[in-house]
Amino acid sequence: MDMTFENTAEFARQLDATDPLASYREQFHFPSIKGKQVIYFTGNSLGLQPKRTAAYVEEIMEDWRQLAVEGHFYADKPWWDYHERLAAPLSKVVGAKPSEITVMNTLTVNLHLLMVSFYRPTKKRYKILCEEKAFPSDQYMFQSQIKFHGLDVSDTLVEVKKRDGEHYWRTEDILAKIDEVGDELALVLLGGVNYYNGQVFDMETITRAGKAVGAYVGWDLAHAVGNVELALHEWDADFAAWCSYKYMNSGPGNASGVYIHERYHGRTDIPRFEGWWGTKKETRFLMQPQFDPMENADAWQVSNAPVLALAPYLASLEMFEEVGMPALIAKRDLIVNYLEFILKEIDREVDSNFEIITPKERGTQLSVFLHGEGRTLFDYLMEHGVITDWREPNVIRLAPAPFYCSFEDMYRFGQILKKGIRET
């Protein structure tokens, strides 16, 4: 969208007045600092709580009080199939078929479970490709899986590096590394959006390249789901997993979503760790000794669904259904562009130098090197009502989530940032 921005409160308010999502801001609970509502930039870490969430949780609490065990079948939303209600709205967010979606466990647990099915090293094909300095939990998961299979981490884990002096990965370098590893490559598994610099990887192109050399391709979508456009089924990705507490606003440490391409459904030749909630509903309570798998992604379910955790996720997904990803992405692009403009305007007015290390392939997040500044500036921002995220050596991550961040927030942040630089 071509627009001439202005670094004024009046202009920011004009943008808010024409924002079709503006009313959703009032549907979230905001923390306060010194009696004032905060400017919240950490939806990439933990999304704010939707006000409707409490009612969804209380519904289950009431059913538990009134029905006890019978809530599994006679609650208004029976617990035994509660997780199924999340599949259809999530399929629209990630670009998949509802049958390819399930919700269970937490993110790294699910990645470990998916590795059982999709990382099956052989003597010739055993290597895993990921990005350099992937999120630490992914690194630990890779290392432990490799050791579990009796392999050497230094030989097995292939990390694609950034070029010297650059802060982002080049798609051509990832593709070249895939071709280089070739028929030794068992698995490509990257973060769809890098947590540190906010870069959105070309998931379609990378998926196609990985599968062309015979590897499985999966995605950790922790920072991508609810943030960027996804088309997992169309891209032909084998699997993906994501947490739900960042842009999906489902609450701290909450349940993880999983995508498994339909080509793997109903197959008995693919290994997985199994439990009774993955068995067919028609035979589940016959307590048979033989596993009888569901014919969709629910076959990877292990235990019965934690409905108290799923309730906030369902509440949030109702909002995604109301708004739709196209509208969220449209506001995301506008508000991030405005934030970038504000940063550049402030940069001209102060002695410090801001370097945005997020490339043009981005979602909601801007990662900014604050050259000449230290941790005291971050502390100043936090004390003055700006909740943001600090990463060493001197990077702040700013993620203006489109559901609840306003354009006036961006202007006010710029003024607080300028004052903080001058006073610290």
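Heads up: the structure comes first, above all this text.
Residues numbered from 1 in each chain as written. Predicted model: local features only at pLDDT ≥ 70, side-chain atom pairs only at ≥ 80, totals over all residues. Heavy atoms only, no water.

**Concerning the environment of Glu204**
On the secondary structure map, Glu204 appears in helix H9 (residues 203–212). Between the C-alpha atoms of Glu204 and Leu370, which are 166 residues apart in sequence, the distance is 33 Å. (Helix = DSSP H or I, 4+ residues; strand = E, 2+ residues; numbered from the N terminus.)

**What about the state of the cysteines?**
Put plainly, a disulfide is one covalent bond tying together the sulfur atoms of two cysteines. Within the structure shown, the criterion is met by zero disulfides. A disulfide-free cysteine, Cys130 has its sulfur positioned 18 Å from the sulfur of Cys243, the nearest such atom. Residue classification places Cys130 among the buried positions, given a relative accessible area of 0%. Just so you know, Cys243 is unpaired, no disulfide at all, and the nearest cysteine sulfur is the one on Cys405, 17 Å from it. On the accessibility criterion, Cys243 (1% relative accessible area) is buried. (Disulfide = S-S within 2.5 Å. Buried < 20%, exposed > 50% of the residue type's maximum accessible area, 1.4 Å probe, protein only.)

**Considerations on the pattern of salt bridges**
Considering all chains together, one arrives at 38 salt bridges under this definition. A salt bridge links Lys127 to Glu184; the nearest nitrogen and oxygen atoms lie 3.3 Å apart. Highlighted residues: Lys127 in strand S7 (residues 127–131) and Glu184 in the loop between helix H8 (171–181) and strand S9 (185–191), separated in sequence by 57 residues. If you follow the salt bridges from partner to partner, you end up with Arg163, Glu166, Arg170, Glu172 and Asp173 in one network. (Salt bridge = Lys/Arg side-chain N within 4 Å of Asp/Glu carboxyl O.)

**A word on the side chain of Glu373**
Structurally, Glu373 can be placed in the loop between strand S14 (366–371) and helix H13 (375–383). Despite its burial, Glu373 pairs with no opposite charge; the closest candidate is Arg422, at 9.8 Å N-O. Ignoring anything within four residues of it in the chain, the contact list for Glu373 reads Ser352, Asn394, Ile421 and Thr424. (Lys, Arg positive; Asp, Glu negative; His and termini not counted. Contact = heavy atoms within 4.5 Å.)

**Re the packing of aromatic side chains**
Aromatic ring pairs are defined here through the distance separating the ring centres and the angle between the ring planes. The full count for this structure, using the stated rule, is 27 aromatic pairs. Relative to Trp277, the ring of Trp276 lies with its centre 5.2 Å away and its plane at 70 degrees, an arrangement referred to as edge-to-face. A relative accessible area of 34% places Trp276 in the partly exposed class. According to the relative accessible area criterion, Trp277 is buried, its value standing at 4%. The ring of Trp169 has Lys162 lying over it, and the distance from NZ or CZ to the ring centre is 4.2 Å. Across the ring face of Trp300, the terminal group of Arg272 is positioned such that the distance to the ring centre comes to 4.6 Å. (Phe/Tyr/Trp six-rings, centres within 6.5 Å; stacked < 30°, edge-to-face > 60°. Lys NZ or Arg CZ within 6 Å of the ring centre and 35° of its normal.)

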